[in-house]
Every structure is written in structure tokens, then in C-alpha cells.
Amino acid sequence: MSIAKGAGAPAAALDDRRARTAALLDRTQFALLGALLFVLPILEGPKNILLVLLLVVGVARWLVRGAPLGRPDGFELVLLALLAASLFSTAMNWPFENAGKGVKDVFFQAMAAGLAYRAGYAPRQLRTLGGLAVLGTVVGVIVGVVLVALGRNVLLVLHSVGVATHSALYIAIVTMVAIGLFLDPGEPRKGVKWALLAALAVLLFGLAGTASRGAMLAFGVAMLIQLVATRHWRAVGTLALLACVVAAAVFTAPDVFQQRRLVEKIQHSLQGGPISESDRLRLAMWRIAIEQTRQGGTWLAGVGPRNYASIDVERLHFDPPLGVSTKGELRHAHNLFLTKLAEEGVPGFAALVALFAAVIVALGRGLRAGGEKDWLWTVILGAMVIAGVAGFFNTPFYQEYALLSMILFGLAYSRGWARGRRA
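As the structure is a prediction and not an experimental result, all values here were calculated from the model.

Undergrad: How would you explain the overall build of the chain if you had to name every residue and give the values?
TA: From N to C terminus, the chain includes 14 helices and 0 strands. Secondary structure elements in the chain, listed N-terminal to C-terminal, are α-α-α-α-α-α-α-α-α-α-α-α-α-α. Expressed as a percentage of its 423 residues, the buried residues of the chain come to 50%. Counting only carbon and sulfur atoms, one obtains 66% of the accessible surface of the chain, whose full area is about 19700 Å².

Undergrad: Tell me what's going on with the environment of L156, and back it up with residues and numbers.
TA: Structurally, the position occupied by L156 is in the loop between α5 (123-149) and α6 (164-183). Considering only alpha carbons, one finds L156 and A211, 55 residues apart in sequence, at a separation of 8.9 Å.

Undergrad: Give me the lowdown on helix α12 (residues 336-369), citing residues and values where you can.
TA: The first and last C-alpha atoms of α12 sit only 31 Å apart over 34 residues, clearly below the 50 Å expected at 1.5 Å per residue. Along α12, the helix axis deviates most sharply at E344, where the bend reaches about 140°; the proline P347 sits within four residues downstream. The N-terminus of α12 is capped by N335, whose side-chain oxygen sits 2.9 Å from the backbone nitrogen of F337. Positive phi appears at G370, one or two residues downstream of α12, with a value of about 80°.

Undergrad: Outline unusual backbone geometry, listing residues and values.
TA: Each neighbour pair has its own omega, and for W94 with P95 the value is -10°, a cis peptide bond. Residue position: P95 is located in the loop between α3 (74-93) and α4 (101-119). In this model, D319 is joined to P320 through a cis peptide bond whose omega is 5°. Tracing the backbone shows P320 in the loop between α11 (277-295) and α12. Phi angles above zero are rare outside glycine, and R306 is one such case at about 60°. Although it is not a glycine, H334 sits at a positive phi angle of roughly 55°. As for its position among the elements, H334 is in the loop between α11 and α12. Using a relative accessible area of 11% as the deciding quantity, one classes H334 as buried.

What counts, and at which threshold
Residues numbered from 1 in each chain as written. Predicted model: local features only at pLDDT ≥ 70, side-chain atom pairs only at ≥ 80, totals over all residues. Heavy atoms only, no water. Helix = DSSP H or I, 4+ residues; strand = E, 2+ residues; numbered from the N terminus. Buried < 20%, exposed > 50% of the residue type's maximum accessible area, 1.4 Å probe, protein only. Areas by Shrake-Rupley, 256 points an atom, 1.4 Å probe, with all protein chains shown as cover. Expected span 1.5 Å × (residues − 1). Bend = angle between axes of the 7 residues up to and from the residue. Polar contact = N/O pair within 3.5 Å; in protein donor to acceptor, adjacent residues only side chain to side chain.

Right, dumping it as C-alpha cells:
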């Protein structure tokens, strides 16, 4: 009997050390993910370091827990499909300019989404992560305003995101995060509600200051769907009033952020004027992506991730002609789905469609299971609609705003309602 007890003691001590190590790794992963959400819109270098650290800690966490890989579920299969399509396209087109950059981006998107999904965070931890995303973006908007005021930047952008259209999408998505947290019945503290209202004022100012038609249209569509689905009439009415006040302040102020260009574009469209040069270029890029897939023999593997610029437009036949110069403009197809189709072929296109379909399915399950009361339901609705609607007319599913969306998708899919369970 004593021999058995003596033999069991080292095993028990080992199990205890393993449990403590696993708990430490859990806390470390949570801290790293929170830090990533905070710095993502404002600091480029730390973002990359945090992604690598998340990968290392995630692998260590799995090894210490000794958990088998198991069979991936539907959401994880979509993540694997995105990564497989990107790897296949990269291998089939190697070598090419930016080789490896596209697949690296997809890998870190899938990795971050998978870790967020498998972490199993408690409601309070999830709200903390959402709050850090909001805080980082508020800081980014304030810094952006200061840089414009100092003459360092011409347009209002987030430092790490850079491109104005991408910055607008990022701000719009985080605004939906703030709205979700504001409406969350699990957060009764009035001080937090007031802080979120102040953050929303800054974020709405930033969104209006970017003057992006696509982002503002997508944000409006997301808000309309959210209102119909959740029926938070009084709260959403308050937010709508706040949005109107902020928009009026931005568009009646001096044209510091060049925000009046949005008003001019809308007036031009309503007056039935000729198609602008930017819109003609957008239509041309759509046609190039389609004809490259049809005529270029790249329907299976595309031209390579982040390699849209390699398309030889002169080899393609267009009837009628494009009617616009594309020299120096071949960056992407001005449509997230067509960009995937041209760069990664049918597999990449199908994987991206599957991702958006998976989110739509999760939203539908949430409605049936009462999950629309969860702030993350509002968040992934916003991320999916904003990325889909704005991306349909402009930016592909790239970089910071895509990484943010993937993390939010992963966090939401960890909730029971996303898998059809009662909330």
C-alpha cells in the first residue's frame, strides 16, 4: 500500500505542475491576444511580434495539455480550406513577387481565429478583449487626427493600417464592437456605458473623417440589420442621434480631412453625372479579374496570393475595350471575391465564400437560439457585413481589418449559440 502511495506521489506532482503550466499559458495567451487587439491599428512592429508569440504559446499550450488534435469541426475546416488554397496557389505560381507574403497573412489569420475559437474564454474575458480593441482604435483615431492637424498626413488614417479605405473598414468594424458592448445586457455598470458612449463618439468621428463611401454604406447596412434583428429601438435611436451629431460636426467643419470629397461624390452620383474615373477603374479591375480567370488559364491556382499586379492585361481580350488606363493601378480587383478568384483561383474563391457562409450560418443559429442578445452576435454581424459590402466595391480581404475580423469570428464561434445551442 505504501509503495503504491509513494509511486503515485511523483505522478500527482507532475500532474500538478502540468496543470499550473497550462494555466500560466492560458493567461499568457489571453494577455497576448488582448495586446494584439490593442496594438493592431496603431503599431506595426509589436503586431508581428505578438502574432509570433501567440503561435509559440498556442503550440506550447497544446503540448502541455496533451490534447489530441481531434477532428476539425465546420469552422476549423473553413480555416484549413483558406490556408490550403493559399498554399496551393503559392506553390503552383512559385517564384513570384511577394511570394510567401500572401500565404503568411492567411496563416496568421487562420491561426489567430483558431486560437480565439479554441480558448474558451469566459464572458468577462471576452468583454475585456472587445474593450481593448475599442481602446486601441480610439487611440489610433486620436493620433490620426493629430497627425492631420500637424500636416503629417493628408487623410485621416490609422497608423498601422495605413490605407484610407482599410482604415475606414477597421474603424467601422470596431464601432460595431463598441455598439455591441454598449448594448450588452451582461454589462450593467453605468460608468462603462458612458465610457463606451465617449468611445463611440470618437469612432464615429473617425469613420466620418475617413469619408469612405463603402465603409459608411456597409456600416449603415449592418446597423439596419442589427436593429431589425435585436429590436433595441431606444438604444439604437440614441446611437443614431449620436451618429447624426458627429456627422454634422464633421461635414460642417473646415475641410481638414478632405471629408467634403464624400459629399461631392454623392452629389455627383445623385445628379446622374458621368461615371467618375475611380468608378471606371473599379469596373475595369472587375473585368480584368474575370477575364484573367477565363482566358489566362489560371482558374485553378490563380496568379498567386498578393500577386494581382502580375496580370498581363495586354494578353487579354476585352469587348468592349476597357476604356481606361490600368498602368500602375494593378493592385487588386476592387472586390474581395474577385481578388481571391484571380489570385488563388476557384479553391481560394470557394474558401472565402465558405467563410462568409459559415458566419451567416452562425448568425442564423444565434437568432434561433437567442444568441442575438450576446454582444458578439452584433460584432460578427458588423464584421461580416462591413467586410462583404465595402469589400464588394473596393478592398480585398487583406491585412489588419481582415485579421481583426477573423479574430472576432473565432471568438463568436466559441459561443454556444454559434453552434445551435441555447444561449
